[in-house]
Structures are given as C-alpha cells and as structure tokens.
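Observations on the three-dimensional arrangement
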Amino acid sequence: YAAKTGQPRFVAGSIGPSGKLPSADDPDLSDISFDELADVFREQAVGLIQGGVDVLLLETSQDILEVKAAIHGILRAFEETGEWLPIQAQITMDTTGHMLLGTDVETALTILEGLPIDVIGMNCSTGPEHMRPSVEFLGGHSPLPISVIPNAGLPINVDGEAVYPLEPEPFAEQLAEFVEKHGISVVGGCCGTTPAHLKALVERVHGKRRPARPILDIPRLASAVQAYSMRQEPPPLLIGERCNAQGSRKFKRLLLTEDWDGIVALARQQVEAGAHALDISVAVTERPDEAALMRTVVHKLTAAGIEVPLVIDTTEPEVMEAALKAAPGRCLLNSTHLEGGAEKASRVLRLAKLHNAAVMLLTIDEQGMAKTAARKVEVAKRLYDLAVNGHSLKPEDLVFDPLTFTLATGDPDLADAAKETLEAIRRIKAELPGVFTSLGVSNVSFGLTKAARPVINSVFLYHAVQAGLDMAIVNPAQITPYADIPVEERELAEDLIFNRRPDALQRVIEFYEGHAARPATHRDPLEGLSLEERLYQRIVHRYKEGIEADIDALVVRKTTTENTETGTENTEKKEKETSVSLGDTSVSSVVATFPTPATHEAAIYILNDILLPAMKEVGDKFGAGELILPFVLQSAEVMKKAVNHLERYLLRQEGVSKGTIVLATVYGDVHDIGKNLVKTILSNNGYTVIDLGKQVPVETIVKAAEEHNADAIGLSALLVSTSKQMPALVNELHRRGLHYPVLIGGAAINRRFGRRILLTEDGHFYDAGVFYCKDAFEGLAIMDALQDANRRDLIIRQVIDEAKRELGQEGVAGGEKRAPRPRRRVPPAPD
C-alpha cells in the first residue's frame, strides 16, 4: 500500500517482443522454433516471478504466433515456480488496425481469448485516436477485461528528439471515453506519456465501476490474418479437401517433391473457389517424418498469407502438436474418436485446450464406426461428456462428424447409410446444443465415375445442410448449387441417397456411363491475359508457378518478332500471344543460343517495363495499407524468381547485381525487423545487400562500405536515442572524404531529420546525400535512382537543396564535392 494514500500498488512484470517474427518465412526473422521462443519467455517469467511481480504483462507484441509462444512459456514458468499470476496480453497495431504481419483485432481476439490469459489489450505504436475502431470492437466482443495503453499520439522527430503531440488533457479525455463507451477495464500510457498524462487520466477515471463484459456466442476459427465464423450464413463452412495426401494425388506429388510453391498455389486455388478453411493431411507411406512435413506445410501456407484457417488432419497427437506450434491462427483438429478408448482422445482434447483449438470428433468407438443414427448419437454423447466435463472444452469447440459411407458398393447393409447420417446430424444438433457438425461429403460417392461423383456429392450436401450440417469437407470447385443440377440428375441422386428404389445405384451407373466429368468451376485468374499482363499480375498477386515459362515465351517473342515486324500492323496480334502458342521448339531454339544482344534487350524490357512497375504497385498498395506484410514478402519472392531467371538472358561483365548496399541497424539499437524487410525487398530486386546485423558501430559500417565498394549505405533505427548514430556516420564519412549516399529509416526518423543531418559539424553539406525512406519500397526507388546515371546527380542535388531551404543557409562555400558516379553493373548490349 502507498504510504501517503493507503491505496494498494501492484507491480507489472513487462515482457516485450523478441525481435523475431516466427510466422514469417525469412532466414533471419523466423530462424527460431516455437519451443525455443517459449523457453526464452519462460526464463524471463521465472525471473519476474521470483522478483515479486503481481501480474505478467506481455506487451508491444507484433507477431501473434510469438504471443502464443510467450503464453506457453509463462505457463511453463508457473509450473516451474509453483506460483500462478494473472497474464495481461497486449498487441501492437499500426494506424490501419493491423499487427505487423497483418493480424487484425478480431483475429487476435479469436486466437487469444481461449488461452489462459486474464486481460487482452493494445499498447504503443499509435495514439488513442488510431486505436478507436479496435477498442470499439473489443468493447463489444471480448469476454475478457480489456486494456488500452496508447502513446501520446504519433511521434514527431524534431531536431533528433521524439515529440509526442497529444497533451495530457485530450489524452485523458479520449481514454475516459473508451472506459465509458466501450467498457475498457485497464488504461494507462505508453511512449510519450508523462506523470501529467497519467495524473489527468487517473482524475478522469478514478472511482468508476469495473464494467461488465458481454456474454457472446460467436465461435470462430482464424488464420494469422483473418477470422471466420464457424456459423457461416448461408451454411455450410466449406473445408477444402485437396491439400490431403490421402485423397489428392497432385498434393501427394507436390509433397514428396517438396514443391512448397506448388502447394501454396493449390491452397490458393481452393480459397479462390470458395473454401473457408483448408484440410491439411501430409501422412504418406513414403516418408516417416509426418510431424516435420506438417510443420513445414503449415509454416509455408502461413508465411504465404493464406487467409483461411487450417484444419489439421492427422491421427497422431504429436503431429497435431507440431502443427499447432507452427500455426498462428485458431485451428480445427481433425480428428479424434473412441476406437482405442478415452486415453488417446484425451491427448487430443488436452492439446485442443492448451492451444485454443477446436476439435472434430468422429462417431467411432470400441465397436467400430457407428452406422445407424442411434449409434452415432450414442458415441457423440460419450465424446461430448469427455470433452466438456473431462477437459473443460466448450460445446462450441466441438465439431461432430457422424460419418458417411459410400453408396457405390451395392452392399444392402449400407443402402441406408446416407439416410442414417442425415438423421444423425438432426439428432446431434438437437440433443447436444451448441456443437457443430461436419462431413467428409465425397465419401458418399467414393467408387463412382468422375462424372457422377460431383452430382451425388452436391445433392447429398444440399440435404445435409437442410438437416443442420455446419461444415463440409469438399472440393469447392466441384460443388454445384442444387437448383443448377438438372431435375433428372437430382432425382437419380436422391433415389440413391434416400434408398427410394432397389435399382437406384444401377440407374446412376448407367446414366453416367460414358459421360465426361463437368469441368471444375475454378477459373485461372491469368486466363486470357497477354504475356505482359500475365507477368505483371504474377508479381502483384503472388503467382510464382509458371513465371519462368512466361518469361521464356516473352523473350522468344521479343527476339523472334521484333526484328521482322515493323510499325504497328501486328501489335494486336502480339498482344494476344501466349507461351502456349509459341511451342517448345521456339523456346528451345532461343534458349540454346542465349545470351545475345537481342535476349539482353528483351530481358531489360521485361525488367524495366513489367516487373519493376508491378513491384512498385505492390509497394504503393503496402504504403496505402491495402496489402499486409506477408503478401508483400510473397510478391518479393516471385520477383526474385523472375529476376534470377532473367539473368540467363543478360550479357554481363561484372556479375548480375544492380548495385551493392551495406545495411545495418545502428549501434545501441537491437530492433532489426524493419531493416530485414528492406534487405528482402532490395535483394529480391537485384541488389547485393551486405547485412551487418544490429548494434553495428560506425567504424564497422565504414569499413564494410570500403571493403565491398558499396554504392550506398542503409541505416535503421527505432529509437530517438540511437538515431543519433546516423549523423555520427555522416560526419565520419565527410571527415574521411568518402562519398557513399546514406539511406535512413525507422520509427524515430522522418524526412526533416534526414535533411538536418546533411549539414555536417564543420558546416558543409554532405555531398553524397542523405535520403529518408519511409519504407522499403521508397528505399528501392532511391537505390534505382542512384544507380541511374541520368538521375543520380539530380536527386542528390535535390535533397541538398531541400536541406538548405530547411536550414535557411547555403552551407560553406567550396565545401561540396560532387559524388562520383557509380560503376555501371548492367552494361548495354554491344552493337
């Protein structure tokens, strides 16, 4: 208790982020496992607990998977110390309402609310004004108490000092409004707030009653970036079935060849066809490492920005655990049952509880697969009791699959199988309120022809939904709306499903004999585009598979048609050409003779007129908040693949790099997420990046620039205090007479700061230029301009002139030397 006031005082043990992004697919940012991260946080929590804190505060979190790992680490610390404390988990969101990797507030709540935390909230990054939409959502949807601890507005860098513009009174007023309107339970101040801010805040909220939380029933699943209601309107929630090695030969082939890009493309096709979630099964007899395969596939899909939740399909609890530790979102475990008794089922249910997963329960017990509706309901009730009363799961965490059997065998014992399944769905929904139901729909038609199966599946799905089905594992591209199926075919299917006549199966077989399968409804989004348009859209929309063939085809077209066609008479024809029409012979003949001056010019055209403008659109969308970081990184990967393939057509004298930049986070600063993003974007766009890491002294940076004959130096700093290393480097370069353009960026940096540090300590302006980059794409644009002999002098002069106007002076006469032009790395094609 405070000596003066007698009020109780508590200590929060602060645990910040590690600097890693385990959800990303980056060799630097994601080179740590879930368990390694959890152990880092366990160690911190043990120290704080032993130090006597009253609450453990996870704050400023930027990757939701890291938040999950931190909670697991804290739980391990509780077990180690024997002391259990409240956990307050806070994420950091940008001005668009997203975490760094794209997680929005609804998704974060879906992922975290079922974990053993006591308070959920937000801190840092922005002032209260930008938190308002997220606060409003949490206030109306979170069953947990909510904390809101903003900055005193967005910081402004003034003369190297961070200035937070929000004064104490308006700061307190906005937070008090959050308490009154949205039921916020914990308020406070982060960066830029002072005792005056907190005093004003305490005066505004002191004595207010703790608000009640809403009691809502909105069960959701989530990917890393998007939450999906488990109650779709209209139902059902469609679970794409093609990422299953047991049911898809294509997926199995991709898995065995470790074609991760192909797997991502297959997943995207299902999402584009309408899947709300993806079933992932990687068990193959050819590979014994199911857990490792599952971990890799889940990580690749997550890092690729697949926006739908994952359904982890395996019979092995250890494989489920590997997936749950790789998946940032809230998954559905598929599945468990009672065939081996309650022990194995309990292992799965414990995992579901620990990781806040939903779980699919199959109506199988010690007697085998239940075939009648009565037996299915009996087994479902046993599983319900074990999950709800035995492991404290909620009814809405449970998804019952009453199973269906194929109607293609003609076995009289299975003739009513579909009818029994439909009845079981009705009874489970009625007798176990709150639970969900699901079916692997295509099982009903297994063994029939490719023409018959989509019709039987679609009709059966329609009737299952009428019976109350909530979810269906299907290939969405092969589901036809009931009303769109011809009446004759509907009646054939219903005769079979409802066992309305003894010859129903025979009539289905005879009707579809010789029929071709209906084409899938999935349409290639690149279909009908010209080669140029296709390449452009591959970058913008992250379609990596096939980009090399399109590049080859366009090089062929440019080298075989440009020399023989003049004017515009064939322009329209050329716009419609595709790689398919060119044929293998044309490609082979060009490839056999590359590189030539003609292929060189074609490659330069593709790079400058198609790929770089496409990447600029990606950057513009990212800057406008229309694209999240995982999508940007995926576009960068596609760009990298394209550029690597283009290199074969270029005539080179000094290697293939567009230029060299030395990149570093300045001394004293341990935050390098932004710097690593810059590295990815620059390296994937043709630059050689010498990454010195974080906490790099000025002398090390200078030596590296000289050693690698760099074209520029890039510096990153998150903190105002460490940003002072930037003018220190500029002054050191100036003293030594070195002329490396310096690119700077980071949260504490702004354009005005960049102009001011151009003026060195002896009153001269640094003649190679200092360029502020608000993001990685502006850095890329500046590097491209610096490497262009026609633009380099102009942009250096421009930035120096801006600095002079900013500072109201012209610098010391004679103190400016012209920076040398960079050596040209991509020579023009010889005549």
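Whatever comes next refers back to the structure up there.
First things first, this report covers the structure right here in the doc. No experiment lies behind these values; they were computed from the predicted model shown.

Counting its regular elements, the protein contains 29 helices and 25 strands. When each of the 831 residues of the protein is scored for burial, the buried share is 55%. In the protein, 76% of the contacts between residues at least 6 apart in sequence involve partners at least 24 apart. Surface exposure of the protein reaches about 35,200 Å², of which carbon and sulfur atoms provide 50%.

Turning next to the environment of Leu-310. Looking at the element boundaries, Leu-310 is found in strand β13 (residues 310-313). Distance in space between the C-alpha atoms of Leu-310 and Leu-278 is 5.0 Å, their sequence separation being 32 residues. Among residues more than four places away in sequence, those in contact with Leu-310 are Leu-278, Ile-280, Val-298, Leu-301, Cys-331 and Leu-332.

This part is about unusual backbone geometry. Backbone torsion omega between Glu-233 and Pro-234 reads 0 degrees, so that peptide bond is classified as cis. Secondary-structure assignment places Pro-234 in the loop between β10 (227-229) and β11 (237-240). Cis geometry is adopted by the peptide bond preceding Pro-236, which originates at Pro-235 and carries an omega value of 5 degrees. Tracing the backbone shows Pro-236 in the loop between β10 and β11. Even without being a glycine, Leu-403 presents a positive backbone phi close to 65 degrees. Inspection of the secondary structure puts Leu-403 in the loop between β18 (398-401) and α13 (417-431). One non-glycine residue, Arg-542, adopts positive backbone phi at about 70 degrees. Tracing the backbone through its elements, the reader meets Arg-542 in the loop between α17 (531-541) and α18 (547-561). A relative accessible area of 13% places Arg-542 in the buried class.

Moving on: the layout of surface pockets. Roughly 1,600 Å³ of internal volume is contained in the second largest pocket. Contributing to the lining of the second largest pocket are 48 residues, with Glu-241, Asn-244, Gly-247, Ser-442 and Asn-443 lying nearest its centre. Counting only elements with at least two residues in the lining of the second largest pocket, the list comes to α7 (249-256), β14 (332-336), α11 (342-355), β15 (358-362), α14 (452-467) and β20 (471-474). Within the lining of the second largest pocket, the residues separate by chemical class into 15 nonpolar, 20 polar and 13 charged.

What follows covers the packing of helix α4 (residues 128-141) against helix α5 (residues 168-182). Close contact between α4 and α5 brings their axes to 10 Å; oriented N to C, the two are set at 10 degrees. Between α4 and α5, the angle is such that the two are roughly parallel. For the element pair α4 and α5, the recorded crossing hand is right-handed. In this structure, α4 contributes Pro-128, Glu-129, Arg-132, Val-135, Glu-136 and Gly-139 to the contact, and α5 contributes Phe-171, Gln-174, Glu-177, Phe-178 and His-182.

This next bit is on the packing of aromatic side chains. Counted according to the given criterion, the structure contains 3 aromatic pairs. With centroids separated by 5.0 Å and ring planes inclined at 45 degrees, the aromatic side chains of Phe-78 and Trp-84 adopt a geometry described as tilted. Its relative accessible area of 2% is what places Phe-78 among the buried residues. A residue is classified by how much of its surface remains accessible, and Trp-84, at 53% relative accessible area, is exposed. Ring geometry for Phe-511 versus Tyr-512: centroids 4.8 Å apart, planes at 80 degrees, classification edge-to-face. When the ring centre of Tyr-482 is taken as reference, the NZ or CZ atom of Arg-490 above it lies at 4.7 Å. Its guanidinium or amino end placed over the ring of Tyr-605, Lys-558 lies 3.9 Å from that ring's centre, counting from NZ or CZ.

Here we take up a nonpolar patch on the surface. A surface patch of nonpolar side chains, about 200 Å² in accessible area, is lined by Ile-156, Val-158 and Val-163. Looking at where Val-158 falls in the secondary structure, it is placed in strand β6 (residues 156-158).

The next point concerns the packing of α11 against helix α12 (residues 373-391). Interhelical geometry of α11 versus α12 gives an angle of 55 degrees and a closest axis separation of 10 Å. On the basis of the axis angle, α11 is oblique to α12. Between α11 and α12 the crossing geometry is right-handed. Touching Ala-342, Ala-345, Ser-346, Leu-349, Arg-350 and Lys-353 of α11 are Leu-386, Ala-387 and His-391, all from α12.

The rules behind each value
- All chains use their own residue numbering, which begins from 1 and follows the written sequence.
- Reporting in this predicted model follows two pLDDT cut-offs: at least 70 for local features of residues, and 80 or more for side-chain atom pairs to be given and counted; totals over whole chains, interfaces and linings ignore these cut-offs and use all residues.
- Excluding hydrogens and water, the side-chain values take into account all heavy atoms of the structure.
- By the criteria applied, helices consist of DSSP H or I runs no shorter than four residues and strands consist of E runs no shorter than two, each listed in order from the N terminus.
- Classification of residues uses two cut-offs on accessible area relative to the type maximum, computed with a 1.4 Å probe and protein chains only: under 20% is buried, over 50% is exposed, and between them is partly exposed.
- When checking whether two residues touch, look at their non-hydrogen atoms; a contact exists if any pair is within 4.5 Å.
- Methods summary: accessible areas were calculated by the Shrake-Rupley approach with a probe of 1.4 Å, and residue burial reflects only the protein chains presented.
- A cavity here means a set of 1 Å grid points, computed over protein atoms only, where a 1.4 Å probe fits but cannot escape. A pocket is an open set with protein on both sides within 12 Å along at least 5 of 7 lines, and lining residues have an atom within 4 Å of a point.
- Grid points are joined across faces, edges and corners, and a volume is the space filled by probe spheres set on the points.
- All residues other than Ala, Val, Leu, Ile, Met, Phe, Trp, Tyr, Cys, Pro, Asp, Glu, Lys and Arg, Gly among them, are scored as polar; the first ten of these are nonpolar and the last four charged.
- Simply put, an axis is a line fit to the C-alpha atoms, just over the touching stretch for a helix, and the angle between two N-to-C directions goes from 0 to 180 degrees.
- Note on angle classes: values under 35 degrees are labelled roughly parallel, values over 145 roughly antiparallel, values of 65 to 115 roughly perpendicular, and the remainder oblique.
- Each helix crossing is assigned a hand: it is left-handed if the near helix lies turned anticlockwise from the far helix by less than a right angle, otherwise right-handed if that turn is clockwise.
- Here a Phe, Tyr or Trp ring, Trp counted by its six-membered ring, pairs with any other such ring whose centre lies within 6.5 Å, and the pair is stacked when the planes are under 30 degrees apart, edge-to-face when over 60, and tilted otherwise.
- Distance and angle both matter: a charge sits over a ring if NZ of Lys or CZ of Arg is within 6 Å of the ring centre and within 35 degrees of the ring normal.
- To count toward a patch, a residue needs a relative accessible area over 30% and no salt bridge; like charges are then connected within 9 Å, while nonpolar side chains (Val, Leu, Ile, Met, Phe, Trp, Tyr) are connected within 5 Å.
- When a carboxyl oxygen of Asp or Glu lies within 4 Å of a side-chain nitrogen of Lys or Arg, that pair is called a salt bridge.

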